[in-house]
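# What the coordinates show
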Amino acid sequence: MQRAKAGDLDAFDALTTRHERRVYSLAMRMLRQEQDAEDVTQQTFLSVVEHLDRFRGESSFTTWLLRIATHAALKIIRKRKGLDVVSLEEATEPTDHSDTIPHPEFIADWRQSPEQLVETREIQRLLDEALARLDEKHRVVFLLRDVEGLSIKETAEALGLSESNTKMRLLRARLQLREQLTKTLGDPATQLVRSHNHQH
Amino acid sequence: MKCEELLKMLNEYVDGTVDPAICEEFEKHMAGCNPCRVVVDNIRKTITLYKNGQPYELPVAFRSKLHATLREKWKAKHPVK
């Protein structure tokens, strides 16, 4: 990265190659549309061309890159919804008024382990469909934290949220994805009913 | 610990950042509550599946165009002296 910052084109090319799949994958999972994901990817790396020499190294380069890609994707989602494209700070809706945690409804052991499931052809489609059903403000937190491996602090900073808001959105995302996936992957023979007054 | 309280601490338990005393309460609850045990197991598997998912490959034509565009912009920003 230091060579790229110094103006070395080959080093910049290598930097792009190292990160492009990650940026494109994030954009595809947010937007589910190839053209939009391509636009986000191009915008993101054009930002790198413009700003790499000013990169102060306060957050890691990856966090910075994913922040740019995330904001570009959220901007497209708001445009799709016909909402005004407002400032980036407002676009991530810092105030989350929903305090309720979704209660697990369908509870069952899965028939196969994750190691077995990744071998199946259907699994990618299933994962993508479950992700698409999430509200984008929950989807983006899950993608940054659980898929990209950013910490809660880095995720919160990337989105301009408080850590507690980030954690709540992550919890909602995880529970909703679990619910969706378990309906297909769960073994109905092991289905359980949760007692709402259960205490130990 | 009630099921409701366990749900609220789910993130911290699954991520291994929960206080040891609460962790013990958590595990005591799950030992006697099958639904909560299964939900926690489901969540762990959900995260594993997504974390180990395949990245999307850039379409070949797009990748070529992207790199060509970036190289041009880079050269314009960093002219060879």
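Attention in this report is confined to the structure presented alongside it. Note that the structure is a prediction, hence the values are computed from the model and not measured.

## Regarding the pattern of salt bridges
Residue and element names in this part refer to chain A. For the structure shown, the criterion picks out 18 salt bridges over all chains. For K153, the salt bridge goes to E157, with nearest N and O atoms at 3.3 Å. Of this pair, K153 and E157 both sit in helix α9 (residues 152–159), four residues apart, which is roughly one turn of the helix. Judged by its relative accessible area of 48%, K153 is partly exposed.

## A closer look at the interface of chain A and chain B
Across the contact, 63 residues belong to chain A and 49 residues belong to chain B. Across the interface of chain A and chain B, roughly 5300 Å² is buried in total on both sides, 65% from carbon and sulfur atoms. Inspection of the region where chain A meets chain B yields seven salt bridges. The residue B:R63 makes a salt bridge to A:E20 at a minimum N-O spacing of 2.5 Å.

## Details of helix α7 (residues 123–132) of chain A
What α7(A) keeps buried is the set A:I123, A:L126, A:L127, A:D128, A:A130 and A:L131. Residues of α7(A) that are buried make contact with α2 (9–31), α6 (114–117), α8 (136–147) and α10 (163–185) of chain A together with α4 (34–51) of chain B.

Thresholds, definitions, all that
Residues numbered from 1 in each chain as written. Chains lettered and ligands numbered in written order. Predicted model: local features only at pLDDT ≥ 70, side-chain atom pairs only at ≥ 80, totals over all residues. Heavy atoms only, no water. Salt bridge = Lys/Arg side-chain N within 4 Å of Asp/Glu carboxyl O. Helix = DSSP H or I, 4+ residues; strand = E, 2+ residues; numbered from the N terminus. Buried < 20%, exposed > 50% of the residue type's maximum accessible area, 1.4 Å probe, protein only. Contact = heavy atoms within 4.5 Å. Buried area = accessible area lost by both parts, 1.4 Å probe.

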